[in-house]
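Summary of the model geometry
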Amino acid sequence: MDWRNKLELIQNKIRGQLHARKIDDLEGVYQLMAEFDKDNSGYLDKDEFQKFLSKIGVFLTTQELRAVYDKYDQNKDSNIAYAEFVNLIRENMSDKRINVVRSTFQFLDQQRQGRLQLESLYRLYQARNHPRVRTRQKTADQVTKEFVNAISKRSKDGQSINEEEFLNYYADCNATLPSEKEEYFTDLLTSTWGVTSGADYVSPERLAQLEIILFEKIRQKTVTKDDEGKTAKKAFMYFDLENKGTIDIYQFAQALQKFGCVFSEKEIQALFNKYDSDKSGRLCYDEICGLIALIGSGNNANVNPVFQIARAPPQETLNRIRNDLIKKGQHSVIRMATIFTNSDKNKNGTLNRQEFQWAMKESGFLLTKTEYDNLFRYFDKNCDDEVSFVEFIAFLRKPLSQFRSDLVNQLWNRLSNGESQISFQQIKQFYDASKSHDVNTNIKTVVDANKDFQDLWKDVKFVTHQNFIEYMTDISALIENDQAFEKFVKQAWK
């Protein structure tokens, strides 16, 4: 059996056993791992890890244990950090689960503000309807306490939570649910938030059906050798009386009627809300037509979509990726670039669709199939089904501004003392991890930040000026303002 598939099966069994032990969030996972951490180091060695697995009912052969241990020992230090283990079992959240979470957030966000107040969520959460409470495995008070404790930690401002933070909370729940528990996951959300009781609720499955029906109706009205996107645009333009390139909900409903789509009022509203990405109350129909054209191009290889969606970067997805990188720490762009490089099996600087998706998941990003497709499509500049990952990383990295470039060059001149290269040992002497950006922003402890820095450079003997510029550029990309970057340069480097 392919070891990657074998590992996925073992990983899924781990989730299943955690769920069987009534562990519903990551706090429970951390507490259970801590029972086997004899020296309270935050790490488990191979023997401790095996005992942990045995405790939850996962028994492995020596070969299986070695493979699984190597998988979780991300930095190859012969120890498994709690965070390394947790990050990996949080992976592989299905598209269905992601869609259910996003749909639930939209159901709760009735004012379309993009944020939900924590106090409001605490009141709305129906712990009595949680599957654990209904089956008397836990009390409503236990579930409420676990929910409040876990979701509050996902809030950046301590008062509210956005859709991405809401998704991250449920990614934590997903970490203790095996793949076969899809219906349980859906029930978990719909029952605790009372989603099914909402008169205006449209399920993700029904929403997907509506899109298929819409496309099919448009396809039927499309002339041979034409593309569906153009057909859709003609209809939307007909109702765009002011020629603004946008339509409101009423004009959208008229266009659907023209296509022959007999949807209910709440279904039309749900479809409109999905396409109204900026919650402005108006749709840019160029984008919708682009999506329709791209669906159609799968049926007709000669059609090349010409709409804005095919040209514009998927900014919302890219912003989410960048925000996740910021949360992972100042070296996350570098680590992501390493994963992408290792995924390039042909060593030609490009990744095919499967390699790209694997690299994104390996980097810890939870995206839907549509988000993967839009991201891949934008960076597939030559339409040859290959992405230059160098261009992709460069897009996230951003060049140094003149101000930051001057700071970095001044720092290099001080460190190198005029030499063309310096050893890592010299670099190490000048760096103070306790004043790094990660520590200043409470992303990592001093111990973890120092270890992170040393692991990054451990295989490098000498550092050139160009190496150093690239390193600082990667860090700069995740520091929002010049003041914070200047603070990092002046305080973290002695």
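Residues numbered from 1 in each chain as written. Predicted model: local features only at pLDDT ≥ 70, side-chain atom pairs only at ≥ 80, totals over all residues. Heavy atoms only, no water.

A count of helices and strands for the protein gives 28 helices and ten strands. Against the globule reference of 23 Å for 494 residues, the protein gives a C-alpha radius of gyration of 25 Å, in line with a compact fold. Along the first, second and third principal axes, the C-alpha atoms of the protein reach 70 × 60 × 50 Å. Considering the protein as a whole, with its 494 residues, one finds that 48% of them fall into the buried category. Only carbon and sulfur atoms are counted for the fraction: they give 48% of the accessible area of the protein, which is about 25,000 Å². Across the protein, the mean location of the 70 positive side-chain charges is 2 Å away from that of the 72 negative side-chain charges. (Helix = DSSP H or I, 4+ residues; strand = E, 2+ residues; numbered from the N terminus. Rg over C-alpha atoms; globule rule 2.2 N^0.38 Å. Buried < 20%, exposed > 50% of the residue type's maximum accessible area, 1.4 Å probe, protein only. Areas by Shrake-Rupley, 256 points an atom, 1.4 Å probe, with all protein chains shown as cover. Lys, Arg positive; Asp, Glu negative; His and termini not counted. Charge placed at Lys NZ, Arg CZ, Asp CG, Glu CD.)

A separate point is the packing of helix H14 (residues 249-259) against helix H15 (residues 265-275). Direction vectors running N to C along H14 and H15 enclose 115°, while the axes themselves pass 10 Å from each other. The orientation of H14 with respect to H15, classified from their angle, is roughly perpendicular. Remark: the crossing between H14 and H15 carries right-handed chirality. For the pair formed by H14 and H15, the contact residues are Ile-249, Phe-252, Ala-253 and Leu-256 on the first element and Ile-268, Gln-269, Leu-271, Phe-272 and Tyr-275 on the second. Residues belonging to the contact of H14 with H15 are distributed by class as follows: eight nonpolar, one polar and no charged. (Axes fitted to C-alpha atoms, helices over the stretch in contact; angles between N-to-C directions. Parallel < 35°, antiparallel > 145°, perpendicular 65-115°, else oblique. Left-handed = near helix turned anticlockwise from the far one by under 90°. Contact = heavy atoms within 4.5 Å. Nonpolar A, V, L, I, M, F, W, Y, C, P; charged D, E, K, R; others polar.)

The next thing to look at is the UniProt feature "domain: EF-hand" (unreviewed entry) in the protein. According to UniProt, the "domain: EF-hand" (unreviewed entry) feature falls on residues 24-59, 60-95, 227-262, 263-298, 331-366 and 367-402. Spanning residues 331-366, this segment combines 61% helix with 8% strand, and its end C-alpha atoms are found 19 Å apart. (UniProt positions renumbered as here; feature names shortened; annotations may be inferred.)

Mean pLDDT over the protein works out to 81, with 91% of the residues at or above the 70 mark. Under a pLDDT of 50 for its full length, residues 299-311 has, in the predicted model, 27 contacts with residues more than four places off or in other chains. (pLDDT = per-residue confidence, 0-100.)

The next thing to look at is the packing of aromatic side chains. Counted under the stated rule, the structure contains 30 aromatic pairs. Taking 4.6 Å as the distance between ring centres and 75° as the angle between the ring planes, the aromatic pair formed by Tyr-169 and Tyr-170 counts as edge-to-face. With respect to class, Tyr-169 is no different from Tyr-170; both count as buried. With a centroid separation of 6.3 Å and 80° between ring planes, the pair formed by Tyr-170 and Phe-185 is classed as edge-to-face. Of the two residues, Tyr-170 sits in helix H10 (residues 163-174) while Phe-185 sits in helix H11 (residues 182-192), which places them 15 residues apart along the sequence. Here Tyr-170 and Phe-185 have matching classes, each one buried. Here the aromatic residues Phe-105, Tyr-122, Tyr-125, Phe-147, Phe-166, Tyr-169, Tyr-170, Phe-185 and Trp-193 are joined through ring pairs into a cluster of three or more. Sitting over the ring of Tyr-238, Lys-258 keeps its end group 5.2 Å from the ring centre. Sitting over the face of the ring of Phe-365, Lys-328 holds its NZ or CZ atom 5.6 Å from the ring centroid. (Phe/Tyr/Trp six-rings, centres within 6.5 Å; stacked < 30°, edge-to-face > 60°. Lys NZ or Arg CZ within 6 Å of the ring centre and 35° of its normal.)

The nonpolar side chains of soluble globular proteins are, as a tendency, buried together. Within the largest apolar cluster, 32 residues are counted, with the highest numbers of intra-cluster contacts made by Met-93, Val-101, Leu-121, Ile-151, Phe-166, Tyr-170 and Trp-193. When residues of this core are traced back to their parent elements, those giving at least two are helix H6 (95-108), helix H7 (118-124), helix H9 (140-152), H10 and H11. Setting aside residues up to four positions removed in sequence, Leu-121 forms contacts with Leu-108, Leu-116, Phe-147, Ile-151, Ile-161 and Trp-193. (Core = buried A, V, L, I, M, F, W, Y, C linked by side-chain atoms within 4.5 Å.)

With respect to the helices, strands and loops of the structure, Glu-48 is situated in helix H3 (residues 46-55). A relative accessible area of 8% means that Glu-48 is categorised as buried. Those residues in contact with Glu-48, other than ones at most four positions away along the chain, are Phe-36, Asp-37, Lys-38 and Tyr-43.

Here we take up the pattern of salt bridges. Across all of its chains, the model carries 19 salt bridges by this definition. Note that Glu-164 is salt-bridged to Arg-320, the shortest N-O span being 2.5 Å. Note that Glu-164 is positioned in helix H10 and Arg-320 in helix H18 (residues 315-328), a separation of 156 residues in sequence. Across the pair, Arg-320 and Glu-164 agree in class, each one buried. A salt bridge links Asp-482 to Arg-404; the shortest N-O distance between them is 2.7 Å. Taken together, the residues span a long stretch of sequence, with Asp-482 in helix H28 (residues 482-492) and Arg-404 in helix H23 (residues 402-416) at a distance of 78 residues. On the basis of relative accessibility, which here comes to 34%, the residue Asp-482 falls in the partly exposed class. Linked through salt bridges whose partners overlap, the residues forming this network are Asp-24, Arg-132, Lys-138 and Glu-146. (Salt bridge = Lys/Arg side-chain N within 4 Å of Asp/Glu carboxyl O.)

Evaluation of the coordinates by the stated rule reveals zero disulfides. Cys-261 forms no disulfide, and the closest cysteine sulfur to it belongs to Cys-289, at a distance of 13 Å. (Disulfide = S-S within 2.5 Å.)

Among all positions of H14, only Gln-251, Phe-252, Ala-255, Leu-256 and Phe-259 are buried. One side of H14 carries all its buried residues, which in axial view fall inside an arc of 145°. Pointing more than 90 degrees away from the buried face of H14 are the exposed residues Tyr-250 and Gln-257. Sitting at the head of H14, Asp-248 places a side-chain oxygen 3.2 Å from the backbone nitrogen of Tyr-250. Downstream of H14 by one or two residues, Gly-260 has phi in the positive range, about 95°. (Arc of directions from axis to C-beta. Polar contact = N/O pair within 3.5 Å; in protein donor to acceptor, adjacent residues only side chain to side chain.)

Relative to the helices and strands, Asn-12 is located in helix H1 (residues 3-20). Excluding residues within four positions of it along the chain, Asn-12 makes contact with Pro-178, Ser-179 and Glu-180.

Before going further, it helps to spend a moment on the environment of Ile-321. Relative to the elements of secondary structure, Ile-321 occurs in helix H18. Judged by relative accessible area, which is 0%, Ile-321 ranks as buried. Once the C-alpha coordinates of Ile-321 and Met-360 are considered, the two residues, 39 residues apart in sequence, prove to be 9.7 Å apart. When sequence neighbours within four positions are dropped, the list of residues in contact with Ile-321 reads Met-360, Phe-365, Leu-367, Leu-375 and Leu-396.

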